[in-house]
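# Survey of secondary and tertiary structure
What follows is each chain in one-letter form.
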Amino acid sequence: QVQLVESGGGSVQAGGSLRLSCAASGRTFTTYSMGWFRQAPGKEREFVAAIRWSQRTTSYADSVKGRFTISRDTAKNTVYPQMNSLKPEDTAVYYCAARRAIGIAFMPNDYDYWGQGTHVTVSS
């Protein structure tokens, strides 16, 4: 059974940085892709970034491109989004997700496993 545990959320001022972590367990993830989504109050869950576990191919939402960087450590089975130049509109609950397929996907329904979420608050 796949388990995803996020950490690293918190409060930061605009312009600051945070690095989230998603520790994955329960499978060998070489044939998976990993994604990060976020959901702000009153809004739908939206795609943030994703990475193919085996080839480091990445994809980003336009709203975070150039500010966020997603990476993975295969030895630790952990995925990290580094979030820089944070803005108040980045405030949301951030979720890690795993997909039982190599290709990157952008819709929540395309992912099979989810973490519990971690809160990020960016103040102006």
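Our subject is the structure that appears above.
Conventions used here
Residues numbered from 1 in each chain as written. Predicted model: local features only at pLDDT ≥ 70, side-chain atom pairs only at ≥ 80, totals over all residues. Heavy atoms only, no water. Buried < 20%, exposed > 50% of the residue type's maximum accessible area, 1.4 Å probe, protein only. Helix = DSSP H or I, 4+ residues; strand = E, 2+ residues; numbered from the N terminus. Pairing = 2+ DSSP bridges. Phe/Tyr/Trp six-rings, centres within 6.5 Å; stacked < 30°, edge-to-face > 60°. Lys NZ or Arg CZ within 6 Å of the ring centre and 35° of its normal.

This next bit is on the pairing of strand β8 (residues 68–73). Side chains Phe68, Ile70 and Arg72 of β8 all project onto a buried face; the interleaved residues Thr69, Ser71 and Asp73 project onto a face where none is buried. Relative to strand β9 (residues 78–83), β8 runs antiparallel, the two being bridged by six bridges. Across the sheet, the residue bridging to Arg72 is Val79, located in β9. Joining the antiparallel neighbours β8 and β9 is a turn of four residues, in which Asn77 adopts a positive phi near 50°.

This next bit is on the pairing of strand β4 (residues 21–25). The sheet contact formed by strand β1 (residues 3–7) and β4 spans five bridges and is antiparallel. Looking at the pairing, Glu6 lines up with Cys22 of β4. Pairing between β4 and β9: two bridges, direction antiparallel. When the sheet's bridge partners are listed, Ala23 is paired in β9 with Thr78.

The next subject is the packing of aromatic side chains. Inspection of the entire model under this criterion finds six aromatic pairs. For the ring pair Phe37 and Phe47, a centre distance of 5.7 Å and an interplane angle of 80° mean the geometry is edge-to-face. Remark: Phe47 occurs in strand β6 (residues 46–52) and Phe37 occurs in strand β5 (residues 33–39); sequence separation between them is ten residues. Judged on exposure class, the residue Phe37 and its partner Phe47 are both buried. Ring pairs connect the aromatic residues Phe37, Phe47, Tyr95, Phe106, Tyr111 and Trp114, which therefore count as one cluster. Geometry around Tyr80 places Arg19 over its ring, the cationic atom sitting 4.1 Å from the centre. A cation over an aromatic ring shows up here: Arg45 above the ring of Trp114, its NZ or CZ 4.8 Å from the ring centre.

So, to be careful, I would describe these as geometric facts and stop short of saying anything about function.
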